[in-house]
Amino acid sequence: MKEQKDWFTGIDYYNNYKEKEIQIEKIEIKKAIDLHAHAQVELWYVLEGKAKIDVNGNTYTLQKNSFLCLYAHHFYQVYEIEKPLQVIRIRFFIGLFMHMMWEKHESVTHAQLVYETKPMIDGGCDNRIEELFTSVFYEQERGKFGAHNLIVYRVLELHTLYCRYALEEMRKLDEKDVWYIIQQILVSPAKSYTIHEAASKLGYHPNYLNQKLKQLCGMTFLELKQFAKVLNACALLHFEELEISYIIEQLGGCSQASFYRIFEQYTGMSPSEYQKKKILDCAKYYHGQDIFLKIFQYLSFHFPSNITIQDCAKELNIKVYAIEQLLKDYDLTFKGLLEEIRFLYAKALIETTQIPLTTIAMDCGFGSLSTFQRMFQKKRNCTPSEYRKQLKTFENENI
């Protein structure tokens, strides 16, 4: 809170935070949307139309009253458009409802809402949902006094309604499922939980459980527990007023030296550096954002071709060094970003089709199967053929 003579106000407390920004638009989707990654939470409400959407490999039917809540870890693609979709889309950063969450719940509830609920529910279950989507769109269009406050309140209400109904529909995972173990580790980083306890629950030997975890998520039990601490620490660092020592205590009470070592191992920087560079330094965050989106769009359209940073600079009329500096601000390189986009598309094709691996390698711009295999091994700790085999084995085990 900030003192102003003899009274206090919180109006400027989060004045520089990107979390308070909300974008609302009414869009028409006539063409398929390729596999899409996004940094913000996206709320969708389908007014008309019919199509398919894949979210992290799961397929849903989009039609009137479909209500989606897509978090940053939800990668989606839209296809099989039988009838053009009319959608109201609201986008905001996850910190919006984190800062405004007054109601107390059990310690794992918020993590369950983000990681365990389905990304889509039937919005027809509550007639308030369509009314709220329509009202926030018109508030933005009119732009009258207090419009932003009303939009914030109504978006929070929409998200709360989504959480309410999504929790009610939440699929109960089998406690004898390896994915259940992964989920429990990620959402409960402070819980004292050993690999022997987890293996015993599944009836596995600890070494076999480690093998299964490595296949499914690329990490061993210990690595997954460390990653969970880092992942949850990154979320808590959004709250500037929290001391690092308090965050460490909330994540299980390891020593500060040990926590710093683990955090730097996964992020390449200390918690305070991460907070400054990734959260608080909004001027840097927004620096060249439009140009970054243009670069990302260019790569997304041209990744199958043998493109270079010089090609991108010429197409966008930007100096090569300007692109290099901008990507450096995002801790990226041109080659690394291009490789990541190619990898995401290739991985999606492996998961959803039976296209030969050589064809996938060439269609995604790798130039040769051997180059594709080296890159995939680096990203997933297995070859493309091994990954496809693991997927098939996992599907057969769960039939």
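Just so you know, these numbers come straight off a predicted model, no measurement behind them.

Per the stated rule, a full pass over the model turns up 16 aromatic pairs. On the numbers, 5.4 Å between centres and 90 degrees between planes, the contact of Phe67 with Phe133 is edge-to-face. Of the two residues, Phe67 sits in strand S7 (residues 66–70) while Phe133 sits in helix H3 (residues 128–142), which places them 66 residues apart along the sequence. The pair formed by Phe67 and Phe133 is uniform in burial state, with each residue classed as buried. Ring centres of Phe343 and Phe376 lie 5.4 Å apart, and the angle between their planes is 55 degrees; this geometry places the pair in the tilted category. Within this pair, whereas Phe343 is found in helix H16 (residues 334–352), its partner Phe376 is found in helix H18 (residues 369–380), the two being separated by 33 residues in sequence. Residue classification places Phe376 among the buried positions, given a relative accessible area of 0%. A network of ring pairs unites the aromatic residues Phe343, Phe366, Phe372, Phe376 and Tyr387 as a single cluster. Over the face of the ring belonging to Tyr193 we find Lys191, whose NZ or CZ atom lies 4.9 Å from the ring centre. Sitting above the plane of the Phe343 ring, Lys379 keeps its charged end 5.9 Å from the centroid.

By the element assignment, Lys229 lies in helix H8 (residues 221–236). One polar contact links the side chain of Lys229 to the main-chain carbonyl oxygen of Leu251, over a distance of 2.3 Å. Beyond its immediate stretch of four places on either side in the chain, Lys229 contacts Pro189, Leu251, Gly252 and Phe259.

Once that is clear, we can look at the environment of Leu251. Positionally, Leu251 belongs in the loop between helix H9 (244–250) and helix H10 (256–267). Considered as a pair, Leu251 and Lys229 are 22 residues apart in the sequence and their alpha carbons are 6.0 Å apart.

Look at helix H7 (residues 206–217): 16 Å from first C-alpha to last across 12 residues, which is about the 16 Å you get at 1.5 Å a residue. Of the positions making up H7, those classed as buried are Pro206, Leu209, Lys212, Leu213 and Leu216. Axial view of H7: buried residues confined to an arc of 115 degrees, hence all on one face. The positive-phi residue at the C-terminal boundary of H7 is Gly218, with phi of around 80 degrees.

The residue Ile33 is located in strand S4 (residues 33–36) in this model. What makes Ile33 partly exposed here is its relative accessible area of 25%. The spacing of Ile33 and Tyr76 is 43 residues in sequence and 8.3 Å in space, taken between C-alpha atoms. Setting aside residues no more than four positions away along its own chain, Ile33 makes contact with Trp44, Gln77 and Val78.

Counted under the stated rule, the structure contains 9 salt bridges. For the salt bridge of Glu25 with Arg91, the shortest nitrogen-to-oxygen distance reads 3.0 Å. One end of the pair, Glu25, is in strand S3 (residues 22–29); the other, Arg91, is in strand S8 (residues 76–92), and 66 residues separate them in sequence. The class for Glu25 is partly exposed, based on a relative accessible area of 23%. In this structure, Lys379 engages Glu340 in a salt bridge whose closest nitrogen and oxygen atoms are separated by 2.5 Å. Pair noted here: Lys379 is in helix H18 and Glu340 is in helix H16, with a separation of 39 residues, a long-range link. On the basis of relative accessible area, Lys379 is assigned to the partly exposed category, the value being 31%. Accessibility expressed as a relative area gives 30% for Glu340, which makes it partly exposed. Here the salt bridges do not stand alone but share partners, grouping Glu25, Arg89 and Arg91 into one network.

For the rest of this paragraph, the subject is the pairing of strand S5 (residues 41–55). Burial of S5 is extensive: 12 of the 15 residues sit out of reach of the surface. Pairing of S5 with S7, which is carried by 4 bridges, proceeds in the antiparallel orientation. Across the sheet, Trp44 pairs through a bridge with Leu68, a residue of S7. Across 5 bridges, the pairing between S5 and strand S6 (residues 58–62) is antiparallel. Across the sheet, residue Val55 finds its bridge partner in S6, namely Asn58.

Okay, the confidence of the model for the chain next. Residues with a pLDDT of 70 or more make up 86% of the chain, whose mean pLDDT is 83. Here residues 282–287 scores under 50 on pLDDT; set against residues more than four positions off or in separate chains, the count is 14 contacts.

What follows deals with the environment of Pro304. Along the chain, Pro304 falls in the loop between helix H13 (289–302) and helix H14 (309–316). Judged by relative accessible area, Pro304 falls into the partly exposed class, the value being 37%. Spatially, the C-alpha atom of Pro304 lies 3.9 Å from that of Gly365, the residues being 61 residues apart in sequence. Excluding residues that lie within four positions of it along the chain, Pro304 makes contacts with Met362, Asp363, Cys364 and Gly365.

The rules we used
- Per-chain numbering applies: the sequence of each chain, read as written, is numbered from 1 onward.
- Predicted model: local features are reported for residues with pLDDT of at least 70 only, side-chain atom pairs are reported and counted for 80 or more only, and whole-chain, interface and lining totals are derived from all residues.
- Only hydrogens and water are removed before side-chain values are computed, so all heavy atoms of the structure are retained for them.
- Only centres within 6.5 Å qualify two rings of Phe, Tyr or Trp (six-membered ring in Trp) as a pair; their planes then separate them into stacked at under 30 degrees, edge-to-face at over 60, and tilted for everything else.
- A run of DSSP states H or I qualifies as a helix once it reaches four residues; a run of E qualifies as a strand once it reaches two. Both are numbered from the N-terminal end.
- Only protein chains enter the area calculation, which uses a 1.4 Å probe; residues under 20% of their type maximum are buried, those over 50% are exposed, and those in between are partly exposed.
- The rule is short: NZ of Lys or CZ of Arg within 6 Å of the ring centre and within 35 degrees of the ring normal puts a charge over the ring.
- Any N or O atom pair separated by 3.5 Å or less is treated as a polar contact, with the protein-specific requirement of one donor-capable and one acceptor-capable atom, and with residues adjacent in sequence counted only for side-chain atom pairs.
- Note on contacts: a residue pair qualifies if any of its non-hydrogen atoms lie within 4.5 Å across the two residues.
- A helix is expected to span 1.5 Å for every residue after the first.
- In this description, the arc belongs to the directions extending from the helix axis to the C-beta atoms.
- Counted as salt bridges are all cases of a side-chain nitrogen of Lys or Arg within 4 Å of a carboxyl oxygen of Asp or Glu.
- Strands are labelled as partners when DSSP assigns at least two bridges between them.
- In predicted models, pLDDT denotes the confidence assigned by the predictor to each residue on a 0 to 100 scale.

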